[in-house]
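Read off the chains here:
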Amino acid sequence: MNYGKNEVEKTLRKTNSRSQKITSHLVLLLTKIILILVLFAAVLGISFGYGIFKGVIDAAPEIDVASIEPSGYATMVYDSKGNLTETLVKSGANRLEASYEELPQCLIDAFVAIEDSRFWSHKGVDVRSMVRAAVGIITGDSSAGGGSTLTQQLIKNNIFEGGNEDTFGEKLERKIQEQYLAIQLEKIMDKKIILKNYLNTINLGNNTLGVKAAALRYFDKDVSDLTLSEATVIAGITQNPSRFNPLSENGRKRNEEKRRVILQYMYEQGKITKEEQEEALADDVYSRIKNVDIVTKETQTPYSYFTDELIDQVLKALQDKKGYTETQAYNLLFSGGLEIHTTQDPDIQSVVDEEISRPENYDVVYYSIDYRLSIQHPDQTTTNYSDETLKTYFRKELGETNFDGLFSSKEKADKAIAKYKAAVTKDGDTVLGESVHYVLQPQASFVLIDQSSGYVKALSGGRGQKEVSRSLNRATNTLRQPGSTFKVITSFAPAIDTCGATLGSVYYDGPYTMGTKTFRNWYSSKGYMGYSTIRDGIVYSMNIVAVRCMIETVTPQLGVEYARNLGITSLTDTDYNASTALGGITKGVSNLELTNAFAAIANGGIYTKPVFFTQILDHNGKVLLENAPETKRVLKDSTAFLLTDAMSQSMESSRMFASSGVSLNSTSAVANIPGMSNAGKSGTTTNNNDIWFVGFTPYYTAGIWSGCDDNQKISAIGSSTSYHKKIWKAIMTKIHEGLADTGFPVPSSVTTAQICRKSGKLAIPGVCENDPRGNAVYTEYFAKGTVPTEVCDHHVQLTVCSESGGLATEYCPAKTTRTFMVIPDGESGGTDDSKYRSPGTCTIHSSTSVVLPSEEDTENMGSTKVETVPETVPETTKAAPKSPLDQVYIPVGPGYN
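Before going into details, it helps to say that this report is about the structure given with it. The residue numbering used here restarts from 1 in each chain and proceeds along that chain's sequence as written. Local features in this predicted model are restricted to residues whose pLDDT is 70 or higher, and side-chain atom pairs enter the listing and the counts only when it is 80 or higher, whereas totals over whole chains, interfaces and linings include all residues. Side-chain descriptors were evaluated using all non-hydrogen atoms of the structure, hydrogens and water having been removed beforehand.

You can see His794 is positioned in the loop between β21 (777-783) and β22 (795-801). C-alpha separation for the pair His794 and Ile823, spaced 29 residues apart in sequence, amounts to 7.4 Å. Reaching out from His794, the side chain makes a polar contact with the backbone oxygen of Lys758 at a distance of 2.6 Å. Counting of polar contacts relies on pairs of N or O atoms within 3.5 Å, with two restrictions inside protein: one atom must be capable of donating a hydrogen and the other of accepting it, and residues adjacent in sequence are counted only when both atoms are side-chain atoms. Side-chain polar atoms of His794 contact the side chain of Asp793, separated by 3.4 Å. In DSSP terms, a helix is any run of H or I states spanning at least four residues, a strand is any run of E spanning at least two, and both are numbered starting from the N terminus.

See the structure below:
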């Protein structure tokens, strides 16, 4: 039995052993399969991961020295004496570059201590910092800090544009590329250069980029002068510029806490001593920041009017001369770190600003308003109101038809606004926004140019406080009617330059109508002057002389062509008419273009395009653009001199050659500069909306405009129409102090001759000098080859009866010789010349009125027999009286047609 039992047990043991072996084999096989699968999966995963990683690395942007340098640098503008006048920036571009040598050691140590303590030893990536940061994320310890090195942060800012990814995958990809590029960068760039670029890149709040800009913004000092206390304030901003902003109350508190941490790190890392740490902590550094901020806000002003126009000039030059698109030019100007050297003279600009803004220079003070009101109604609709709708309300709703939008005080303007606002605001309305700006009236603009170079030395686009940059610039982008200044440009200049006229050429100043338009002179109350020269037309600003010159000699088409050659770009095809001679044009002109047109006359007939800058350097100090003056001859030098000489006379006190009691005086004497040769032309529009004076000296050409922005009449608001000439004189007198008067040299192309001022021809000896009003002979300048060869045909010498003044007959007992005027056919009377036209025949002496000798007288005469003349004499036997023409001095040459 036992045997059997043992056998069974043996058999069972064998069977179990065999099963165990099979199971073991199966487990081992399965394990091998799993291990193979795991290994395969691992290899596959690693391969796949490597492929992804390699793909990410391969997709990383290329990196070089140029690509890692910060961008968005502010553009610096310098005047002609090298003074920094403006800093041009756009949002995110207020950056100033500092060299490594400018960076104080305390600033370097502060940033390294808080941002990357092992910066000087790692190779671009700091594994220890990465592990510390990872632990901080897992444990929620926000004080653990980040894992990025300064090198990585530089790449993040300048290669990845700040790293604002939308998804975790994108952020992980950027992080991998960032670490890879950091390692690569440290192979090709010195640590000092990396640190310099980093400190020039970082955002330090309040549109301040880089530590150099921050030193100026917060401490008003150069970065090299920062103290340890100040350096740690700046270093404390970079982690979160909004949160650690030292200008806000909460930001200051957080910044102060961060500064304590930085100072502690610097002490622990052996960068400062305990005494230096405590001294910095004791420094009341934030009070200095507050004081600088107050001054900064007070001194932060919009760009000047000069800079406004400079910006436009530079943008255009970058597009025209360098081929940039409008967007590229804008980005380069406002964030390219350019260095622009301008033509602005700070001393002259200061004088201009002072005189244009001086209240005493204006007769009256008014205000216009720029008013905006937005109201939301209960039905959620919105209505926008303005100063224009306010004017309509006062005129139509209140019946104040004469309301012109001008107020004698700000208080009166406020009352009008309150009245209007109450009228347009209904129950349930909500005011969404309201703003009001007060604008001084009358306004003014001023442009001053060095005519020899075309350099714009000073420019003012308005009086009163300038509130915004690139605002209304009345000197450059406002078009106003030029008035009589245009007589020189469109009528007299082309007449002399091209059409054979001279300063002595005469036009008849009498009633003149073309079509339905009748032209009048500004001095209409004084009557008409008759024959007047082009010189007279300039000196006394004679409208009809200018119009007749254009129509009879020049043509409107040629006048417009000359204006365009002189740089006036606002003329249109609708300006081909007689009114253009008087400045009555479709659009008007800008002060800059009008002043520069006169600068061409002052420059001997050579036009120079206005120059606002001489040179632009790029961010690396290389010349980007040289702005050489663009010139062309637009007038003969003789023409330029002749116009100058006539305009010079207009600035001297002189009276028109006319009858006693007719007082027509030169128009520009008020502007005459003591002790300096000057020439100029005034201009006043018909309704006194615009008043101008443009003139020049041997050194500078300047133009002033004044008027109201909304075209209210100057005279209607109680102002004179000559205050602008006094301002021009005040400015020009000051800037010419100490300058020698070199005069206006006579070019070799000009000669002189004596002529009759009433004909523009050679004077008749004994006749022209005996004009009833005085000597009509004077010496005039001429371009060589244009001196007249004909003699005067407007003066005649006649024999008249001494008693009646009529043309003498043979019966007049006493006779005398007098000079008279020949008046053109078709001209009506009423001119100063027509007073002296030749009279009719004497009417008090005739054959019937002859006194016969008495019988006693007859007897005493001897045997001579005297027959009495019968009362009636047959027509055939009457002695015909001599024709008056038999007694006239007939000059040589053709008569007046």
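That was the structure; now back to the text.
Orientation of helix α20 (residues 543-554) relative to helix α21 (residues 556-565), taken along the N-to-C sense of each, is 105°, at an axis distance of 8 Å. Here α20 lies roughly perpendicular to α21, going by the angle between them. Where α20 approaches α21, its residues Met550, Ile551 and Val554 are matched on the opposing element by Pro556, Leu558 and Gly559. Nonpolar residues are Ala, Val, Leu, Ile, Met, Phe, Trp, Tyr, Cys and Pro. Charged residues are Asp, Glu, Lys and Arg, and all others, Gly as well, are polar. Of the residues belonging to the contact of α20 with α21, the class tally is five nonpolar, one polar and no charged. In this analysis an axis means a line fitted to C-alpha atoms, helices contributing only their contacting stretch, and an angle means the value between N-to-C directions, from 0 to 180 degrees. Should an angle fall under 35 degrees it is taken as roughly parallel, and over 145 as roughly antiparallel, whereas 65 to 115 is taken as roughly perpendicular and any remaining angle as oblique. Any two residues whose heavy atoms approach within 4.5 Å at even a single point are treated as in contact.

Side chains of Glu275, Glu276, Glu278 and Glu279 sit close together on the surface and give a patch of like negative charge. Following the sequence through the fold, Glu279 ends up in helix α11 (residues 274-282). With relative accessibility at 59%, the residue Glu279 sits in the exposed group. A residue counts toward a patch only above 30% relative accessible area and without a salt bridge, and it is joined to like-charged neighbours within 9 Å or, for Val, Leu, Ile, Met, Phe, Trp and Tyr, to nonpolar neighbours within 5 Å. Here, Shrake-Rupley sampling with a 1.4 Å probe gives the accessible areas, and only protein chains in the shown set may cover a residue. Any carboxyl oxygen of Asp or Glu that lies within 4 Å of a side-chain nitrogen of Lys or Arg is treated as forming a salt bridge with it. Here Asp and Glu are counted as negative and Lys and Arg as positive; His is not counted, and neither are the chain ends. Throughout, a charge is located at the NZ atom of Lys, the CZ atom of Arg, the CG atom of Asp or the CD atom of Glu. Buried residues are those whose accessible area, probed at 1.4 Å on protein chains only, stays under 20% of the maximum for their type, while exposed residues exceed 50% and partly exposed ones sit between those limits.

At least two DSSP bridges between two strands are needed for those strands to be called paired. One open sheet holds the five strands; their spatial order is β8-β7-β19-β18-β17, and the pairing between them is antiparallel. Sheet topology places β8 (455-460) and β17 (679-684) at the edges, where each strand pairs with a single neighbour. Across the sheet, the mean angle from the axis of one strand to that of its neighbour is 10°, orientation sign disregarded. In this sheet, strand β19 (residues 701-707) lies alongside strand β7 (residues 443-450) in antiparallel orientation, the contact comprising seven bridges. Bridge assignment links Leu448 to a residue of β19, and that residue is Ala702. Along the sheet, helix α15 (residues 346-357) contacts β7, β8 and β19; its crossing angle with β8, the most-contacted strand, is approximately 25°. The strands touched by helix α22 (residues 591-602) are β7, β8, β17, β18 (690-696) and β19; relative to β19, the strand with the most contacts, the crossing angle is about 150°.

This brings us to helix α18 (residues 485-497). With 13 residues, α18 ought to run about 18 Å at 1.5 Å a step, and its terminal C-alpha atoms sit 17 Å apart, in line with that. Along α18, 13 of the 13 residues are buried, which leaves the element largely enclosed by surrounding structure. Multiply 1.5 Å by the residue count of a helix minus one, and that product is the helix's expected span.

Counting buried positions over the seven residues of β19 gives seven, a clear majority of the element. Going residue by residue along β19, you find Thr701, Gly703, Trp705 and Gly707 tucked away on one face and Ala702, Ile704 and Ser706 tucked away on the opposite face as well. Here β18 runs beside β19; their pairing, made up of seven bridges, is antiparallel. Residue Val694 lies in a different strand from β19, and its bridge partner there is Gly703. If you look at the hairpin formed by β18 and β19, you'll find four residues sitting between the two strands.

Our next topic: the side chain of Thr595. Mapped onto the elements, Thr595 comes out in helix α22. Polar side-chain contacts of Thr595 include one of 2.7 Å to the side chain of Asn591.

The subject of this paragraph is the nonpolar core. Of all hydrophobic cores here, the largest spans 60 residues; its most connected members are Phe486, Ile534, Ile601, Leu643 and Met647. For this core, the secondary-structure elements that each account for two or more residues are α18, α19 (534-539), α20, α21, α22, α23 (637-650) and β18. At seven residues, the largest contribution of residues to this core is made by α18. Not counting residues within four places of it along the chain, the set of residues in contact with Leu643 comprises Val488, Phe492, Ala493, Ile496, Ile538, Ile601 and Leu635. With 48 residues, the next largest nonpolar core counts Cys106, Phe119, Val125 and Leu150 among its residues. In plain words, nonpolar cores are sets of buried Ala, Val, Leu, Ile, Met, Phe, Trp, Tyr and Cys residues tied together by side-chain atoms within 4.5 Å.

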